[in-house]
Amino acid sequence: MLYVVKQLNKWHHYLVFVLFLLLGLAFYSVVIQGPFLFDDIALVVQNPSIHSFSYWRDWFHTFSYQGYQSATLFRPFVMFVYTFLYHFFGEEVFWYHLTNILFHIASTFLVYEIFLILGVRRLLSLVGALFFLLHPVQAESVAYIAGLSDVISGFFVFCAVYAFMRMTMMKKGMVLAVLSFFAVVLALLTKESGLVSFLLILLYTSLYWRRCKPQYIFIIRFLVFLFAIVFFYLLFRFYFFPSESYLGGLSRLHDQYDESLLVRLITFVSVLWDYMKLMFYPIGLHFVRQFEFYTHVFQLRFVFGIVSIVLLFYLLVIRFWKNMCIFSPYVFGLGWFFLSLAPVSGIFPINSIYAERWLYIPITGVIFVLMNLFQKVKYRVFRCVVVVICALLLIFNSVLLVKRNFEWAHPLDFFENELVYNNNSALIYNQLALVYIQRGELNKAEEYLKIGASLKQDVTQLYFNLALLLEQKGDFYFAIDNLRIALKLHPDFMVGYRLLYQIFLKMGLSVNAGQVSAYMQRVENNEIPSSEEIDKLFEK
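Residues numbered from 1 in each chain as written. Predicted model: local features only at pLDDT ≥ 70, side-chain atom pairs only at ≥ 80, totals over all residues. Heavy atoms only, no water.

**Section: the overall build of the chain**
Part 1 of the reasoning: What the chain contains, in helices and strands, is 25 helices and 2 strands.
Part 2 of the reasoning: Nonlocal contacts in the chain, meaning residues at least 24 apart in sequence, comprise 72% of its contacts between residues at least 6 apart.
Part 3 of the reasoning: Approximately 25600 Å² of the chain is accessible, and the part contributed by carbon and sulfur atoms is 66%. (Helix = DSSP H or I, 4+ residues; strand = E, 2+ residues; numbered from the N terminus. Contact = heavy atoms within 4.5 Å. Areas by Shrake-Rupley, 256 points an atom, 1.4 Å probe, with all protein chains shown as cover.)

This is the structure we're talking about:
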């Protein structure tokens with residue numbers, strides 16, 4: 001019996017990884033054949049930059065989004081992964097989903113190892129890692145093919161932190177230092193928010209500096225070197241690849257939010273309530289979040305956010321210095337949560353107020369705090385209660401995860417669920433119409449496209465899709481009206497010009513078709529027509 005226990009202790013890391021592997025594949029297998037949705041189409045199907053390794057230079061700046069240049073991105077590593085998958089597997093969604101799932105499983109194992117290093121007992125570390133693996137909010141990053149950047153970036157962040165922690169525990173940790181360094185670099189090359197890897201390493205060093213004491217000179221040099229890398233990365237990213245949308249090439253949506261740092265910070269503090277709700281009561285999950293910023297501090301959600309920040313400050317400044325050993329885990333967990341949210345906190349304008357996928361890394365800090373609280377339970381009866389609560393929560397989360405994965409795997413269910421929370425989103429109506437087009441229900445698709453068009457939102461693809469359906473029905477004039485809106489929104493929308501050219505030829509308007517052809521040539525030469533010139537194209 002003693003021999004068996006020793007063998008289990010020796011092999012427990014491998015057994016735990018196998019457990020994560022089996023559970024991860026089991027619970028995410030629902031989505032393994034889910035089709036391309038939203039940005040999946042732009043990043044894979046319609047993105048020529050990843051269709052061949054010969055386009056590797058394009059990985060460092062732009063990608064084509066549904067027919068027109070959309071974003072300035074610097075995410076070369078994730079573009080390399082997309083290119084690798086497309087080169088060997090084309091548009092077979094199975095391999096894209098499997099890649100996301102395997103990275104998520106690997107991240108789960110790293111979370112388990114990090115918890116062990118930080119002093120969480122083995123069973124609670126396992127439970128905490130399972131919460132990370134099976135929490136429903138993770139579905140948006142794992143089940144969504146375009147969420148690959150979140151999953152890979154998260155993996156490298158965890159890898160960098162884990163390697164650094166192990167390095168501080170060894171007298172000679174050069175190999176681990178190199179591993180941590182490359183993990184930070186790859187996190188940055190995967191997504192801009194990868195810079196949190198450096199912030200979390202700093203947090204660990206400042207709170208657990210006694211562990212670093214035996215080789216503090218080497219660690220200080222390592223941190224200075226990392227700081228230099230991060231500094232030059234940010235300089236390079238924003239100087240050589242500037243964009244109107246600041247961090248990550250994201251879209252600007254409202255001038256008041258974009259131009260006022262105070263409004264963005266008030267909004268971030270206010271949505272902390274929404275983040276807590278997503279983590280502790282993940283009911284009613286949906287992808288598209290309505291853009292609603294906050295300008296007033298006299299509201300309960302803002303008070304909740306301020307209290308959370310004050311609590312962190314209290315633990316850090318007052319209680320921590322009085323009893324470092326007791327309060328280090330709570331400061332570290334809350335610090336992990338807030339630092340991981342820093343890139344999407346509103347310091348830079350971003351394309352949403354909050355999102356489920358932005359919790360991929362931060363949720364680890366909250367789980368760590370909870371596991372430490374459970375670890376403090378002393379009496380046997382209360383420990384049994386904790387075990388029962390954890391088991392029920394894991395079952396609850398697992399059921400919700402399967403349900404959410406089912407929605408991601410079935411577009412009709414997915415977009416109908418979206419309409420429950422966003423019935424005034426033209427983007428959702430457009431996506432739902434595309435599903436009906438694939439099912440051959442063109443009248444249903446036209447109905448949803450017209451509802452979306454009536455909202456008069458800047459969704460170029462919706463007007464194009466509606467024009468395409470109307471053109472197929474022979475309703476050329478209404479098709480032209482919708483193409484006019486689409487081209488006014490995006491004068492470099494090449495597929496719109498091509499459809500307009502075909503319509504003019506079918507109508508026998510060869511002169512108008514010739515004008516469209518000239519415009520197409522200009523767009524190919526990066527000479528984008530003005531709004532007034534677009535109007536002239538539609539003059540009778």
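There is more to say after this.
**Things to note about a positive patch on the surface**
Part 1 of the reasoning: A contiguous patch of positive charge on the surface is contributed by Arg 121, Lys 376, Lys 378, Arg 380 and Arg 383.
Part 2 of the reasoning: Inspection of the secondary structure puts Arg 121 in the loop between α4 (93-117) and α5 (122-134).
Part 3 of the reasoning: Classification of Arg 121 as partly exposed rests on a relative accessible area of 40%. (Patch = residues over 30% accessible without salt bridge, like charges linked within 9 Å, V, L, I, M, F, W, Y side chains within 5 Å. Salt bridge = Lys/Arg side-chain N within 4 Å of Asp/Glu carboxyl O. Lys, Arg positive; Asp, Glu negative; His and termini not counted. Charge placed at Lys NZ, Arg CZ, Asp CG, Glu CD. Buried < 20%, exposed > 50% of the residue type's maximum accessible area, 1.4 Å probe, protein only.)

**Observations regarding unusual backbone geometry**
Part 1 of the reasoning: Backbone geometry places Lys 456, a non-glycine residue, at a positive phi of 55 degrees.
Part 2 of the reasoning: With respect to the helices, strands and loops of the structure, Lys 456 is situated in the loop between α20 (442-454) and α21 (460-473).
Part 3 of the reasoning: With a phi angle near 65 degrees, Asn 526 is a residue other than glycine that sits in the positive phi range.
Part 4 of the reasoning: Relative to the elements of secondary structure, Asn 526 occurs in the loop between α24 (510-524) and α25 (531-537).

**Considerations on the packing of aromatic side chains**
Part 1 of the reasoning: Counting across every chain of the model gives 43 aromatic pairs.
Part 2 of the reasoning: Seen from their ring centres, Phe 38 and Phe 287 are 4.7 Å apart, and the 25 degrees between their planes marks the pair as stacked. Taken together, the residues Phe 38 in the loop between α1 (2-28) and α2 (39-45) and Phe 287 in the loop between α13 (261-280) and α14 (300-322) connect sequence positions 249 residues apart.
Part 3 of the reasoning: Given the relative accessible area of 3%, Phe 38 is considered buried.
Part 4 of the reasoning: Grouped by ring-pair contacts, the aromatic residues Phe 53, Phe 77, Phe 80, Phe 84, Phe 88, Phe 89, Phe 94, Trp 95, Phe 103, Phe 155 and Phe 156 constitute a single cluster.
Part 5 of the reasoning: Above the plane of the ring of Tyr 519 lies Arg 522, whose end atom (NZ or CZ) is 5.5 Å from the centre. (Phe/Tyr/Trp six-rings, centres within 6.5 Å; stacked < 30°, edge-to-face > 60°. Lys NZ or Arg CZ within 6 Å of the ring centre and 35° of its normal.)

**Quick notes on α24**
Part 1 of the reasoning: For α24, which comprises 15 residues, the first-to-last C-alpha distance of 21 Å matches the rise-based estimate of 21 Å (1.5 Å per residue) to within 8%.
Part 2 of the reasoning: Buried residues of α24: Asn 512, Ala 513, Val 516, Tyr 519, Met 520 and Val 523, and no others. Along the axis of α24, the buried residues cluster in a sector spanning 115 degrees; they form a single face. Residues of α24 that are exposed and angled more than 90 degrees away from the buried face: Ser 510 and Val 511.
Part 3 of the reasoning: Tucked inside the fold, the buried residues of α24 contact α23 (494-506) and α25.
Part 4 of the reasoning: Asn 526 occupies a position one or two residues after α24 and carries a positive phi of about 65 degrees. (Expected span 1.5 Å × (residues − 1). Arc of directions from axis to C-beta.)

**Some remarks on the environment of Leu 226**
Part 1 of the reasoning: Along the polypeptide, Leu 226 turns up in helix α11 (residues 216-240).
Part 2 of the reasoning: Sequence separation of Leu 226 and Val 184 is 42 residues, and the distance between their C-alpha atoms is 8.2 Å.
Part 3 of the reasoning: Not counting chain neighbours up to four residues away, the residues in contact with Leu 226 comprise Phe 181, Val 184, Phe 198 and Ile 201.

**Focus: the environment of Ile 41**
Part 1 of the reasoning: Considering the arrangement of structural elements, one finds Ile 41 in helix α2.
Part 2 of the reasoning: For the pair Ile 41 and Glu 91, spaced 50 residues apart in sequence, the C-alpha to C-alpha distance is 9.9 Å.
Part 3 of the reasoning: Other than its neighbours up to four places away in sequence, Ile 41 contacts Phe 36, Gln 46 and Asn 47.

**Focus: the side chain of His 104**
Part 1 of the reasoning: Looking at where His 104 falls in the secondary structure, it is placed in helix α4.
Part 2 of the reasoning: Owing to a relative accessible area of 1%, His 104 belongs among the buried residues under this scheme.
Part 3 of the reasoning: Residue contacts for His 104: discarding those within four places in its chain leaves Tyr 28, Phe 132, Leu 133, Gln 138, Val 142, Val 151 and Tyr 360.

**Quick notes on the packing of α5 against helix α17 (residues 380-409)**
Part 1 of the reasoning: Between α5 and α17, the shortest axis-to-axis distance is 9 Å and the interhelical angle comes to 15 degrees. One way to sum up the angle between α5 and α17 is to call them roughly parallel. Crossing of α5 against α17: the hand is left-handed. The segment α5 lies against α17, with Val 127, Leu 130, Phe 131, Leu 133 and Leu 134 engaging Cys 390, Leu 393, Leu 394, Asn 397, Ser 398 and Leu 401.
Part 2 of the reasoning: Across the contact of α5 with α17, the residue classes break down as 9 nonpolar, 2 polar and no charged. (Axes fitted to C-alpha atoms, helices over the stretch in contact; angles between N-to-C directions. Parallel < 35°, antiparallel > 145°, perpendicular 65-115°, else oblique. Left-handed = near helix turned anticlockwise from the far one by under 90°. Nonpolar A, V, L, I, M, F, W, Y, C, P; charged D, E, K, R; others polar.)

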